[in-house]
Structures are given as C-alpha cells and as structure tokens.
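Fold and contact review
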Amino acid sequence: MDGTESLLRATAVSKSFPGVKALSDVHLELRHNEVLALVGENGAGKSTLMKLLSGIYTADEGEFFLNGERFEPASPRHAQELGISIIHQEFNLMPDLTVAQNIFIGREPRAGGFFLSERKLNARAADLIERLQLPLEPWSPVGGLTVAKQQMVEIAKALSYDARVLIMDEPTAALNEAEVTTLHALIRRFKSADTGVIYISHRMDELKKIADRITVLRDGQYVDTVDTAATSMKEVISLMVGRALRTDAQPEGVREDREVLLSVEGLSTKALLKNVSFELRQGEILGFAGLMGAGRTEMARAVVGADKADSGSIRVRGRPVRIQSPADAAKHRIGYLSEDRKQFGLMLEQDVNANITVSSLSELFSSFGFMKDRAMRAKSRQYVDSLRIKTPSILQTAKYLSGGNQQKVVIAKWLLKNCDILIFDEPTRGIDVGAKEEIYRLLNDLAAQGKSIIMISSELEEVLRMAHRIVVMSEGRVTGTLSAAEATQETVMHYATLRPDENPEDAAELGLELDDPARTVDGSR
Amino acid sequence: MTTPTATTETQPVAGGVSLSLRDRLQQFLAFASLLVIFVVFSIANSNFLTYGNVLAILYSTVVIGTLALGTTFVIITGGIDLSIGTGMALCAVMSGVMIVNLGVPLALGVLGTILFGGLLGLINGFNVAILKIPPFIATLAMMLVAQGLALVLSHSTPIYFNDVPAYSKISRGNLIPDFPNAVIVLTAMAVIAAVLLNKTILGRYTYSIGSNEEATGLSGIDVRKWKIIVYTFAGLFIGLAGVMISARLGSAQPATGMGYELQAIAAVVIGGTSLAGGKGSVVGTMIGALIISVLNNGLQIMSIPQEWQNVILGCVILVAVYADMMRKKQT
C-alpha cells in the first residue's frame, strides 16, 4: 500500500440474504478529507453496504480497513466506538426527550450516583452545538423540531462519539433547498484530514455540489468510481442504469385506441401530491415509475381513499365518483394491492381460503349472517387452479406460502371481488426471479382479459418490459407520461430526477412557474 | 417539575418553551377541570367545602393515588399494569399474615409487605422484559394469581389488626394535629416519585423507552433491565398501597382490590399520561386521582346514587382523553 492510505476501504465484499444476492464482490474506498457519494437505483445494494460498515449486518465475504487497519464491525455500538457513525433515513430519536437528552442518551452526566445533572447535560450539549454551529437549543423537545433540525440532532449525536467516518443515508430526502445548503455547509466543516463522509443520495443535482467522487453500484455489483468534477450527471445516470435493455421481453398488446376507464385529474394531498392527473385505459398496464418518495404509493392510496385527498376529481367509466375509503373504491371495482403484503394485504395466520374470500363474504358467501363454507371453498379452489397458486391445500396457512404465491392469493381476493381496475404497488417486491416471471405472465393475462392495471414499481426494467404507457413522478408531481415507444431507461430516469421545487430549469421544462420562459432547458442536464 | 424540559432554572427563555408551554397547558387544563368540579360542588352543596370534607377527599385519594404513582412509570414506558388492584389485596393479606398471624414486629412487617409488592412487580417485569409477554397479558395473569393467592393465604376471611392498634395509626393517626398520616404518606410518595421521574436516570430512561424503545436500545441502553426496574418500582407502590388500605380499614380484606387498578389507570390517563408512552407527569397523576376522589365525594354528598358515580367517572375519562387527543392533533 502506498503512502496515501485511505480512510476507509472495503474490498471484495459479498452479502446474501435467503434467495437474494444483495452484494457481490463490491469495492469502496473513502479517502481522507473527502465526501464520497454512493449512488445506484433502488435495490442496487447501497443500504446493505452501509449496514455492513456500521455493524448492523455481517458480511459473508470481504475485508474492511480503517486507516489501513483491518476491522470487523460487530454491532452498531462497536462501529460507533471505532469512529464509524451512520445516520439512517429513519431517525433513531426519542421525540419526547429534549435535544440534549437525545444526544447524550445512555451517557448522561450525573450529579452523583443515580441523579442526573441537567445543567451539565445542557452545557455539554450547548458546547457541541456551538462547535458544530447548529441552530439548535439543548432544551427543545425533539418531537417539536422540523425534520431538518431533527437530522441535525442525529448528526450532533453521531459526532459526539468523535466519528471519523460519517455515513448519511439519503440525508436530504425530506429537506428543502435552504436546509440542504445548511447540511452541506455542516458536512464541509466536518470533513478534515482525519475524517470523511459517505453520502448516499438519489438527487443528481446535489452530487455536483457536495461530492468529491461518486461510486456507482448496480444490482449489488460495483460499477465504477468517478471524479465528480470530470463527469457529467448524464454519464452517472447511464452508469447507474447500465446494461442494455433486454429485448426479448416487451410490453404486450400495446394499443392506442382503448377506452378510458379511470381518469384522475388534479389530485393533491396535504402531505405530498401536487396536481396529479392521468388516465387508465381498458386492458392497459399503466406503469408508475419514480424514485423513492416520489409519491407513487401516495397516489394509489389517495385514489382508493385510504388517504384523504385535498382536491382533485376521479372519474370511473366516465362518471364522476367520490371515493372516501377503500370500501368505496371496491364498490367501483377498484382494488389496491399494497406494497406491504404482509401488513396490509394478507392475514398471515389465516388459511388461503379465508384470505381469498374475506373481501367478498357479505356479497357472495353469506346467508342470514352465516358463511357458506362449501361455496367459499369451491371458489378458492377455482382461483388456486386458475392462478396456479402453489399450495398443498386451500386450508394452508398463508404465512407458509412463498412470496410469489402469497401475492397470487391477494390477486385472487380482488379478482373474486370482481375488480376490473387493479392497482399493484411493487407486485414483485421480495419475490424471487422465477416467480417474478410468473407474476408478469399473470399481469399480462389479466390485461389481455380486459382488466386495467396500474403497476407501481421501483424496478425500472420491470416497468419498461410490462407497461403500455409509463407515468413518471417526482416530488409528488407527474413529471412525464411516456408511451412504450418513447420509454427508455434514460428518458424515465430523466423525468424521475426532475426537481421543479429546487431547480428553476426543471420547473420551466415542466411548464411550472414560468417566470423565466426565455431560459433554455437542454443545457442544464 | 412538571416536564423534563422545565427543570433547570438557569435556562434562558427560548427554544423549546413553546412546547413546554403546551405541556403546561395540559396540566393547567386538568387542574382547571379539578377546580371547576370543586367550585360546582361547593356551590351545589354547602357541606362540600368544609375542612373536614376536604380532608376526607384527600384521605380517600391515598390508596388510588399511591397505586397511580407507581403505574405512571409503567404507563410512561408504554406498558400497563393490571395487577395493582388485586396485588394490593394480596399485599394487605401478607401484611396481616406477617403482623397478626406470625407476630412479626410492626415496622418489619410493613417493610416486608412493601418488599413483597416489589417482588410481584419484579415478576411482572421479568415476564414483560425477558419473556416478552405483552404487558397487558402478563399483568392480567398476575392479577388473577394475586387474587387467588390472597384468598388462599387468608382462607377467604378478613384478617383483623385489632391486637395491633398501632397499625391503624399508619393511616389514621395524626403526626400533625387534625391531619391524617395517610395524606402525609401520599404527599411524600408523590414528591419521591416526581424527583425520580425528573431528576434521575431511572426517570430519563422511563421516558426514553416509552418514546422510542428501539432507538433507546440502539443508543446502548439495557432496555430490559430498566423495564424490570420500572415494574419492580411500581410493585413497591403496590405493597405500600396494601399497607395503607389495610391500615385504613383495620383489616386485610382478601376479596377487595379488583377494580382499583382501573381507577388508578383512569387517574393516570386523566392526568395526561399517554397510554402510548413517552409522556406523563406525577403532578398530572395526582390531579387525576384528586378528580376521581372529588367526583366520588361530591356526588355522594349530593346524594347521587353510588351506581351513577361510575357512569359519570366513565364519561369524565372519555372527555379527558378526547380533549387530550384533540390538543395533540392541533399541534
């Protein structure tokens, strides 16, 4: 090894989970006094790699070096003691405690024995806060702070352990532009000859501002590390999406002349959605693409009435409808299949029969309040056969089925309810490759039978091979609607990374806030 | 000492004051309700606002108040303790068995009873923290066990302390002239509980666990240990309540106890402690306990039948909790 030893180095790291190879032979090098950005699509392995570094997971293979010395992080606390602190996307804070109490939780200064010294605690926190130049008060309860300030508390807590390596997982996902600037200033103050930052982000625009180098992962594999200054963001995106599109699988049955079944206009929610409009046609598979937090799940939840919409109108088969709950949606024959099957889609402890029939009990299987057992079983058997659900019997408990077959059970439930608009949120999440193909075939079959399908997916490749048209979202807005012919990894990614709230160029491209229409948009990306 | 944020007097006026103001407002609301109820009864019946009756109200708060103090800690961690009522009856019986049947000296018997309560809490804490049995189930089981054991140990008959007249003095004596000792005990316990909750690491981790248990664990705190300590601590209060109720009655009644847990939990909840954990205060709990006593006493004085008192108490709980939820929604 030469004289310029790296601060942190990971070599040939591999990690598998049951059924999935999350990381395979990945490298990473963080130099002193550097911000290294780590980018990749959803599922590329960024979070897994960070969890290995911070001791949450243990690597199957590979070696880690801190200042040239080999180390094996055994637990989050151990990693912290070594000087590696991680700030997760989900904060680990106690909202009812104050800033100072959170920073020094478990290490409270004592007034003697069992008694706390609130004064020493606040003084130490005030010192730290001043050193980091953070706009925080030690005695503010954390639950009352903005997300940005809560993040600062996390940072202060991490740095109070004398961190040398600070890992930040999408730190700006919930911040506005001014807050991002403050965060970046803080990061620049932190990095020094002894320290460095690993910065995970989806936001291409900010990598230019903060990152010295960018490491790209794809499908759990190392792609490349580039100097930010010498690389355009376009190049980074093409490194991220990488491989050429598979040509053997294309959307099936794409036609323009279909009748519009569901039309959503100007849908907005208090939390995220801004003026979302789209149309779903009969027998169509409409893909929804976008990065995490773009608002796709929120769109689905607002459409089926699981979340309250502030404004907007929905028409089903041409007629305006009011949908205020998923039960209303089901009356209009709209079914929503949640991305979290286990929490929202299935009763894991119940058998297949109960799961398939639960939503249709009162319409189809009850007489005077009693359940018609035999009819239920007959229907369940019919769907187990027609959807090829692999289960020893319809009386098998749902939790013992594989992910793919669980998904089919949920689909059967909605088909039995005679839904002809099906909203699939991440239909293949947690399902292994072979079973994915079966779900794809099933979706194509359903569309061919005239069912209309909305398919929300974070896997770009999956959207591209399945969707007849693709709606792309970013920051709660629809930023683009592409036909199958127009859609490529690059075009979808372009629309998915538009950030009209931060970039005037992006806003102009979308025709929003046209305060400077003379500005050209092409040169900015 | 109402909130952890308002403890040090050296704080400049800034930052979190707005939020702690809100917390103070909640306490103020509870206190204001107490005052309103008090004033209404005073106007409605001239027998209500007398020195004797106010003392009677305080006196009748002692048992529920003592139970509620310990339970406040448990509820702030996000747990629940249903075993406090029958646990108290079991402790009263233990006191009778030790002091009357076995002739254990008074002081030793009282101490033993309190420690026995701590043992019940320790078992609850073990079941909840180590065996991971949900607190509702673990303490429901303990509630039944304690109820049964109280009957078994006493052969289903009350144990009278007639031969130990000093025992009743614990509750009914007057160290301060015309002022029952029981009220002094409750006041002292409230002060101790408030100090523990606001000034010690026990209190800090109690809030921390209830606020975000996983984050507390990830911060390197032994959550299991502290949960066991909290349940054990609540158990000590069960033991003390057992002493106080048997001293008041002059006997250990094995069949009583059931129902006290719900009154104590009601006091905690009316006082603004969140059943979801993370929030709560000793002052709030004491106000909650007083609201219950004042209601019971006032309704009795106004000759409203006993049956109706629980109906009204139930409605008060609904209103108090709903008002608290509305307040939180606004912020």
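Residues numbered from 1 in each chain as written. Chains lettered and ligands numbered in written order. Predicted model: local features only at pLDDT ≥ 70, side-chain atom pairs only at ≥ 80, totals over all residues.

Chain B has the name Ribose transport system permease protein in an unreviewed UniProt entry, where Kribbella antiqua is given as its organism. Under the UniProt heading Subcellular location (unreviewed entry), the note attached to chain B is "Cell membrane". (UniProt positions renumbered as here; feature names shortened; annotations may be inferred.)

If you check an unreviewed UniProt entry, chain A appears there as Ribose transport system ATP-binding protein from Kribbella antiqua. Under the UniProt heading Subcellular location (unreviewed entry), the entry covering chain A gives this text: "Cell membrane".

1. Quick notes on the environment of Leu69 of chain B
Residue and element names in this part refer to chain B. Assignment of secondary structure puts Leu69 in helix H2 (residues 51-76). In this structure the C-alpha to C-alpha distance between Leu69 and Tyr51, which are 18 residues apart in sequence, comes to 25 Å. Not counting residues within four places of it along the chain, the set of residues in contact with Leu69 comprises Met189, Ala190, Ala193, Phe237, Val282 and Thr285. (Helix = DSSP H or I, 4+ residues; strand = E, 2+ residues; numbered from the N terminus. Contact = placed C-beta atoms within 7 Å.)

2. Quick word on the UniProt feature "transmembrane region" (unreviewed entry) in chain B
All names here are of chain B. Look at the UniProt record and you will see "transmembrane region" (unreviewed entry) annotated at residues 28-48, 54-75, 82-100, 106-129, 136-159, 179-197, 228-247 and 259-276. Split by type, residues 82-100 is 89% helix and 0% strand. Its first and last C-alpha atoms lie 28 Å apart. Strand forms 0% of residues 259-276 and helix 61%; the C-alpha atoms that close the span are 22 Å apart.

3. With respect to the interface of chain A and chain B
At the interface, 24 residues of chain A touch 27 residues of chain B. Broken down by secondary-structure element, the contributors of at least two residues to the side of chain A that touches chain B are helix H2 (76-82), strand S8 (115-116) and helix H4 (118-131) of chain A. Counting residues per element, the side of chain A that touches chain B draws most heavily on H4 of chain A, which supplies three residues. Considered class by class, the residues forming the side of chain A that touches chain B number eleven nonpolar, seven polar and six charged. (Nonpolar A, V, L, I, M, F, W, Y, C, P; charged D, E, K, R; others polar.)

4. Examining the environment of Leu464 of chain A
Looking at the element boundaries, Leu464 of chain A is found in helix H17 (residues 460-466). With 23 C-beta atoms packed within 10 Å, Leu464 of chain A lands in the buried category. (Buried ≥ 20, exposed ≤ 12 C-beta atoms within 10 Å, placed from the backbone.)

5. Examining the sheet that holds strand S15 (residues 285-290) of chain A
Residue and element names in this part refer to chain A. Spatial ordering of the open sheet is given by S18-S21-S22-S15-S23-S24, a layout of six strands whose pairing is mixed. Both edges of this open sheet fall to strand S18 (334-337) and strand S24 (477-483), since each of them pairs with a single strand only. Here the strands of the sheet are splayed against their neighbours by 20° on average, with no regard to which way each runs. By the bridge criterion, six bridges tie strand S23 (residues 469-474) to S24 in an arrangement that is antiparallel. Bridge assignment links Ile470 to a residue of S24, and that residue is Leu482. Taken strand by strand, helix H18 (residues 489-496) contacts S15, S23 and S24, and its axis lies near 35° from that of S23. (Pairing = 2+ DSSP bridges. Axes fitted to C-alpha atoms, helices over the stretch in contact; angles between N-to-C directions.)

6. With respect to H2 of chain B
All names here are of chain B. For H2, with 26 residues, the first-to-last C-alpha span of 35 Å sits near the 38 Å given by 1.5 Å per residue. When the local axis directions of H2 are compared, the greatest deviation, roughly 45°, occurs at Val62. For H2, a buried count of 19 out of 26 residues is recorded, marking the element as mostly surrounded by other parts of the structure. Count one or two residues on from H2 and you reach Gly78, which has phi positive near 95°. (Expected span 1.5 Å × (residues − 1). Bend = angle between axes of the 7 residues up to and from the residue.)

7. Concerning the sheet that holds strand S17 (residues 319-321) of chain A
Residue and element names in this part refer to chain A. The strand order across the open sheet built from four strands is S14-S13-S16-S17, with neighbouring strands paired in antiparallel fashion. Looking at strand neighbours, the two that pair on one side only are strand S14 (276-281) and S17, the edges of this open sheet. Here the strands of the sheet are splayed against their neighbours by 20° on average, with no regard to which way each runs. Direction of pairing for strand S13 (residues 260-268) relative to strand S16 (residues 311-316): antiparallel, over a ladder of five bridges. Across the sheet, the residue bridging to Ser268 is Ser311, located in S16.

8. Observations concerning the nonpolar core
One finds Tyr199 and Met455 of chain A together with Leu67 of chain B to be the most contacted residues of the largest nonpolar core, which totals 233 residues. With 15 residues, helix H10 (residues 223-249) of chain B is the largest single contributor of residues to this core. Composition of this core by domain shows at least three residues from each of domain 1 (84-161) and domain 2 (260-343 + 419-509) of chain A. For Tyr199 of chain A, the residues in contact, after removing those within four places along its chain, are Val35, Leu36, Ala37, Leu38, Met168, Ile210 and Ala211 of chain A. (Core = buried A, V, L, I, M, F, W, Y, C linked by C-beta atoms within 7 Å. Domains from an automatic or database assignment.)

9. Details of the packing of helix H4 (residues 106-129) of chain B against H10 of chain B
Their axes nearest at 6 Å, the elements H4 of chain B and H10 of chain B cross at an angle of 145°. Of the two elements, H4 of chain B crosses H10 of chain B, and the hand of that crossing is right-handed. (Left-handed = near helix turned anticlockwise from the far one by under 90°.)

10. Some details on the confidence of the model for chain B
All names here are of chain B. Chain-level pLDDT for chain B is 88 on average; 90% of the residues reach the 70-or-more range. Predicted confidence is poor over residues 1-19, with pLDDT under 50, and the contacts of this stretch with residues over four places away or in other chains come to 40 contacts. For this predicted complex, the interface confidence reaches an ipTM of 0.79, while the overall pTM sits at 0.73. (pLDDT = per-residue confidence, 0-100.)

11. Description of unusual backbone geometry
Excluding glycine, a negative phi dihedral is what most residues carry, and trans is how most peptide bonds are arranged. All names here are of chain A. Although it is not a glycine, Asp219 adopts a positive phi angle of roughly 50°. Mapped onto the fold, Asp219 is located in the loop between strand S11 (213-218) and strand S12 (221-227). Classification of Asp219 by C-beta neighbours within 10 Å gives partly exposed; the count is 17. Although it is not a glycine, Glu475 adopts a positive phi angle of roughly 50°. Note that Glu475 resides in the loop between S23 and S24. We classify Glu475 as partly exposed; it has 19 C-beta atoms within 10 Å.

12. A look at the environment of Arg31 of chain A
Residues and elements named next belong to chain A. With respect to the helices and strands, the residue Arg31 is situated in the loop between strand S2 (20-30) and strand S3 (34-39). By C-beta crowding, Arg31 is classed as partly exposed, having 16 other C-beta atoms within 10 Å. A sequence separation of 478 residues divides Arg31 from Glu509, and the C-alpha atoms of the two residues are 38 Å apart. Once residues within four sequence positions are removed from consideration, Arg31 is found in contact with Ser6, Leu7 and Gly196.

13. Looking at the packing of helix H6 (residues 165-172) of chain B against H10 of chain B
Residue and element names in this part refer to chain B. With their axes 7 Å apart at the nearest point, H6 and H10 run at an angle of 110° to one another. It follows that H6 is roughly perpendicular to H10 by the angle criterion. For the element pair H6 and H10, the recorded crossing hand is left-handed. Counted together, Tyr167, Ser168, Ile170, Ser171 and Arg172 of H6 and Val243, Met244, Ala247 and Arg248 of H10 form the full contact between these two elements. A breakdown of the residues in the contact of H6 with H10 according to their chemical character gives five nonpolar, two polar and two charged. (Parallel < 35°, antiparallel > 145°, perpendicular 65-115°, else oblique.)

14. A closer look at the pairing of S18 of chain A
Residue and element names in this part refer to chain A. Burial of S18 is two-sided: the residues Ile334 and Tyr336 facing one way and the residues Gly335 and Leu337 facing the other way are all buried. Bridge count for S18 against strand S21 (residues 421-425) is four bridges, and the pairing is parallel. By the bridge assignment for S21, Leu337 is matched with Phe424.

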